[in-house]
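Observations on chain architecture
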Amino acid sequence: MAQVQVQDKSAKGGKVRSKKNNPAVDMTPMVDLNFLLLMFFMFTSTFSKPNVMDLGLPAKPDPTKPQPPPNEIDLSNSITLLLGKDNRVFWHQQDQAGLNDQTMTETSFDREGIREIIKQAKARAKKKELFTVIIKPTDDAVYKNFVDILDEMAITKSERYGVTDLKPYEKAVYDKKVGN
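Residues numbered from 1 in each chain as written. Predicted model: local features only at pLDDT ≥ 70, side-chain atom pairs only at ≥ 80, totals over all residues. Heavy atoms only, no water.

The protein appears in an unreviewed UniProt entry as Biopolymer transporter ExbD from Chryseobacterium turcicum.

Right under this line is the structure:
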């Protein structure tokens, strides 16, 4: 416990003077108590849970089962979205031969922009149950835009979507569009 040490000084000449006490307080018990309280609150409190976004990733193929032959992809059943810098988003429904400055179109993230583009492309798809949105963020894209596109997938009820890298021919057209 805390101890107060008193030093006795004898008075000179018969006069009684008040004694000056020099207290020395031992702080060790208080430090021990603080550490005990800190540990108690650390162990009894709940830490904030990390916010996790669930991405529906495909299962890995089983090497023991035979793989089906690759299907011919019908471009009317998919749309490709490119997330660019400065909150810009581009879209196309072309292959390498058909992609150019005119077929890659820019739109916005608002309700009349990308949401309508996805809805219209889904309505034009030959097999609506196979309609797929391919999301390709560029190196210039920001995380907020990626989250906004994933929100649009939920709003437009597009259950089939994938995230992948840009192809070199898409990067070339994108660079030409943004002026790099």
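**Looking at unusual backbone geometry**
Convention followed: Helical segments are the DSSP runs of H or I of at least four residues, strand segments are the runs of E of at least two, and each set is numbered from the N terminus. When accessible area is computed with a 1.4 Å probe and restricted to protein chains, residues below 20% of their type maximum are described as buried, those above 50% as exposed, and intermediate ones as partly exposed.
Despite not being glycine, D86 has its phi angle at roughly 55 degrees, a positive value. Considering the arrangement of structural elements, one finds D86 in the loop between strand 1 (78–83) and strand 2 (89–92). Taking the relative accessible area as the measure of exposure, D86 reaches 63% and is therefore exposed. In this structure, K157 takes a positive phi of about 55 degrees despite not being glycine. Mapped onto the elements, K157 comes out in the loop between helix 3 (143–155) and strand 5 (161–163). For K157, a relative accessible area of 58% puts it in the exposed group.

**What to know about the packing of helix 2 (residues 111–124) against helix 3**
Just so we agree on the cut-off: Here the axes come from fitting lines to C-alpha atoms, over the contacting stretch only for helices, and the angles between their N-to-C directions go from 0 to 180 degrees. Angles below 35 degrees are treated as roughly parallel, those above 145 as roughly antiparallel, those between 65 and 115 as roughly perpendicular, and all remaining angles as oblique. Here is the rule for handedness: rotate from the far helix to the near one, and if that takes an anticlockwise turn smaller than a right angle the crossing is left-handed, while a clockwise turn gives right-handed. Note on definitions: a residue-residue contact is assigned when non-hydrogen atoms from the two residues lie within 4.5 Å. All amino acids are sorted into three groups, where Ala, Val, Leu, Ile, Met, Phe, Trp, Tyr, Cys and Pro are nonpolar, Asp, Glu, Lys and Arg are charged, and the leftover types, Gly among them, are polar.
Packing of helix 2 against helix 3 leaves a shortest axis separation of 10 Å and a crossing angle of 45 degrees. Viewed along their axes, helix 2 and helix 3 adopt a mutual orientation that is oblique. Note on packing geometry: the crossing formed by helix 2 with helix 3 is right-handed. Taking contact as the criterion, the partners of I114, R115 and I118 in helix 2 are, on helix 3, I149, E152, M153 and I155. Here the contact of helix 2 with helix 3 is composed, by residue class, of five nonpolar, no polar and two charged.

**Some thoughts on the sheet that holds strand 5**
Paired through their backbone hydrogen bonds, the strands of a sheet run either parallel or antiparallel. Convention followed: At least two DSSP bridges between two strands are needed for those strands to be called paired.
The strand order across the open sheet built from five strands is 3-2-1-4-5, with neighbouring strands paired in mixed fashion. Looking at the sheet topology across the chains shown, the edges are occupied by strand 3 (105–107) and strand 5. Averaged over all adjacent pairs, the angle separating strand axes in this sheet is 25 degrees, with direction ignored. One ladder, built from three bridges, connects strand 4 (residues 132–137) with strand 5; its direction is parallel. By the bridge assignment, I135 is partnered in strand 5 with V163. Taken strand by strand, helix 3 contacts strand 1, strand 4 and strand 5, and its axis lies near 175 degrees from that of strand 4. Against the sheet, helix 4 (residues 168–178) touches strand 1, strand 2 and strand 4, its axis set at about 130 degrees to strand 2.

**Details of the confidence of the model for the protein**
Rules: Per-residue confidence from the predictor is reported as pLDDT, a score between 0 and 100.
Averaged over all residues, the pLDDT of the protein equals 82, while 86% of them reach at least 70. For the protein, strand 3 is the element with the lowest average pLDDT, namely 86, and helix 1 (residues 28–44) is the one with the highest, namely 91.

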